[in-house]
Amino acid sequence: MKFAVLAFPGSNCEMDLYDAIADIMKEEVELVSYKETSLAGFDAALIPGGFSYGDYLRSGAIARFSPIIPALREFAKSGKPVLGICNGFQILTEAGLLPGSLQKNVSAKFICQTEPLVVNNADSMFSSEFKLAQIINLPIAHGDGNYYCDQETLAQLIANDQIIFKYRQNPNGSVADIAGITNRAGNVLGMMPHPERAVEAILGSDDGVGIFQSIVNHVKSRGVVAHG
Ligand SMILES: NC(=O)CC[C@H](N)C(=O)O
């Protein structure tokens, strides 16, 4: 299968993601510039962390106007997996592909540390490698990681089992301890923690592999594998 890793001006985690897919997952992967207008030939799209457009206006608010975004919308609509990590999550909310928004951490400080997460839904195409309520350890590194949505949206997220990961000790003030959510269809996941920084024991955790492996299993089980 073939992954796309999108890169925007100011992305800084695209090579970590690329290496995680190429070196650890041993799957095909290609960097795709924000200037491109097609995602044809890809089975899954990954949006990396960083500071797209310097986080000006709001994190992700300018990146959403990039040429690649209409193609990403079509890709998401087709049901293929889309994973936005950190700034990628922020871009997905700004683009309206996920509900809610990411606000300043309640501490108003940038937080960079490993956090224990609770797997809140182990049936998604991003978390099927885990067990329900399993604790996994992933690093966070953000200033704007405080997930907010209104009560009605939160009720829908809960009712539709769209909350995939929760913080065990909420580090940033996120509503309902939310660390990662999907869209209603379940094929777009946004998460603030960085699985690509936790893919080998020497990094302190390899729990991130489970997320990428879940995507690979999902795509391969459907027999939808792009080539070339
Ligand atoms: N690691 C990142 O992607 C940083 C995310 C974001 N720009 C923030 O500081 O909130």
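Everything numeric here is computed off the predicted structure, so don't read it as measured data. (Residues numbered from 1 in each chain as written. Predicted model: local features only at pLDDT ≥ 70, side-chain atom pairs only at ≥ 80, totals over all residues. Heavy atoms only, no water.)

## Some thoughts on the pattern of salt bridges
Here is the rule: In what follows, salt bridge is the name for a side-chain nitrogen of Lys or Arg lying within 4 Å of a carboxyl oxygen of Asp or Glu. Comment: elements are numbered from the N terminus, with helices defined as DSSP H or I runs of at least four residues and strands as E runs of at least two. Categorising residues by exposure relies on relative accessible area from a 1.4 Å probe, with only protein chains included: less than 20% of the type maximum marks a residue as buried, more than 50% marks it as exposed, and the intermediate range marks it as partly exposed.
Taken as a whole and judged by the stated rule, the model has 4 salt bridges. K220 is paired through a salt bridge with E27; the nearest N and O atoms lie 2.7 Å apart. Highlighted residues: K220 in helix 5 (residues 209-221) and E27 in the loop between helix 1 (14-24) and strand 2 (28-33), separated in sequence by 193 residues. With relative accessibility at 42%, the residue K220 sits in the partly exposed group.

## Section: unusual backbone geometry
One non-glycine residue with positive phi stands out, namely K26, at about 55°. Within the secondary structure layout, K26 lies in the loop between helix 1 and strand 2. A relative accessible area of 64% places K26 in the exposed class. With a phi angle near 60°, C86 is a residue other than glycine that sits in the positive phi range. With respect to the helices, strands and loops of the structure, C86 is situated in the loop between strand 4 (82-85) and helix 3 (87-94).

## Some details on the nonpolar core
Our working rule: Among buried residues, those of type Ala, Val, Leu, Ile, Met, Phe, Trp, Tyr and Cys that are joined through side-chain atoms within 4.5 Å constitute a nonpolar core.
Ranked by internal contacts, the top residues of the largest apolar core, which has 69 residues, are L39, L72, L83 and F165. Residue contributions to this core peak at 6 residues, all from helix 2 (residues 68-77).

## Things to note about the pairing of strand 10 (residues 178-182)
The two faces of the sheet receive side chains in turn, since in a regular strand these alternate between them. Inclusion rule: Pairing between strands requires that DSSP locate at least two bridges from one strand to the other.
Counting buried positions over the 5 residues of strand 10 gives 5, a clear majority of the element. Strand direction decides the pairing type here: strand 9 (residues 163-167) and strand 10, joined by 3 bridges, are antiparallel. When the sheet's bridge partners are listed, I163 is paired in strand 10 with I181. Looking at chain direction, strand 10 and strand 11 (residues 188-191) are connected through 3 bridges and run antiparallel.

## Digging into the UniProt feature "active site" (unreviewed entry) in the protein chain
For clarity, the threshold we go by: UniProt positions are given in the numbering used here, feature names are shortened, and annotations may be inferred rather than shown by experiment. Any two residues whose heavy atoms approach within 4.5 Å are treated as being in contact. In the analysis that follows, any N or O atom pair within 3.5 Å is treated as a polar contact, provided that within protein one partner can donate a hydrogen and the other can accept it, and provided that, for residues neighboring in sequence, both atoms belong to side chains.
Sequence positions flagged by UniProt for "active site" (unreviewed entry) are, in local numbering, C86, H194 and E196. Spanning 111 residues, the annotated positions come together in the fold, the maximum distance between their C-alpha atoms being 11.1 Å. Judged by relative accessible area, C86 falls into the buried class, the value being 5%. Non-local contacts of C86, meaning those with residues more than four positions away in its chain, are made with G49, A141, H142, M191, M192 and H194. As for its placement among the helices and strands, H194 is situated in the loop between strand 11 and helix 5. The contacts of H194, once residues within four sequence positions are left out, are C13, G49, I85, C86, L138, P139, I140 and A141. In this structure the side chain of H194 is engaged in a polar contact, spanning 2.8 Å, whose partner is the side chain of E196.

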